[in-house]
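# Summary of structural features
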Amino acid sequence: MRTNPERRTALVDAAIQVLAADGARGLTFRSVDVAAGVPNGTTSNYFSSRDDLLLQAGLRIHDRLDPDPADLNQPPSTEFLTSLLHLLQDRLTKDRAGYLALLELRLEATRRPALQEALARRVRENLEENIRLHREHGLPGDPLLLYLTVGGYMLEQLTLPGVLPDGLLEKVIEHGVRGFVGAGS
């Protein structure tokens, strides 16, 4: 196995693009080579199997979608919570391919127990971290309710753009945060 970390990351990012565009069935070593613009056989030199590539793509997506730690250094307030939700919307919208690839991987995980275990562990860790930060910052509301509300909206918006009216998430964030404040406090 090759160990060039930059090349490996570029190949995983190309795999994410393939997953978003062609689904899990379209993910092959050759399709990743083409998407990454590297010679045929390069991906197979970096990953032991397709399952390994799927797993690495799932882990990488979460790294790409993680918030900038600098965004978390604000005093706790409803405005801070609102800002965090806007930043989440921005990250997911800017990395639409990453989000769509993650959805594709979640579906694939229903057929691959090892992938399901790894993704479930990573999502659970992320959710626990979000809840911890929510509470540590003294933010108002129920973090699970916020997670599910924003997650559901982003699922609709990024998979079926145009179904929900423009500006709806902003209304959910602006008005909903006030409603969530009473829901979990």
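Figured I'd write up the structure that's included with this text.

## Quick notes on helix H2 (residues 29-36)
Here H2 has its buried residues at Ser31, Val32 and Asp33. If you follow the buried residues of H2, they end up packed against helix H1 (5-22), helix H3 (42-46) and helix H4 (50-65). Among the residues trailing H2, Gly37 stands out with phi positive, at a value near 70°.

## Concerning the side chain of His134
Along the chain, His134 turns up in helix H7 (residues 113-136). Those residues in contact with His134 that lie beyond four places of it in its chain are Leu81, Leu139, Pro140, Gly141, Pro143 and Leu146.

## Concerning the environment of Arg106
Mapped onto the fold, Arg106 is located in helix H6 (residues 96-109). The partly exposed category is assigned to Arg106, whose relative accessible area is 39%. Note: C-alpha distance between Arg106 and Gly58 (48 residues apart in sequence) is 8.7 Å. In this structure Arg106 touches Leu119, Val123 and Tyr147, once residues within four positions along its chain are discounted.

Parameters and conventions
- Residues numbered from 1 in each chain as written.
- Predicted model: local features only at pLDDT ≥ 70, side-chain atom pairs only at ≥ 80, totals over all residues.
- Heavy atoms only, no water.
- Buried < 20%, exposed > 50% of the residue type's maximum accessible area, 1.4 Å probe, protein only.
- Helix = DSSP H or I, 4+ residues; strand = E, 2+ residues; numbered from the N terminus.
- Contact = heavy atoms within 4.5 Å.

Nothing here speaks to function; it is geometry throughout.
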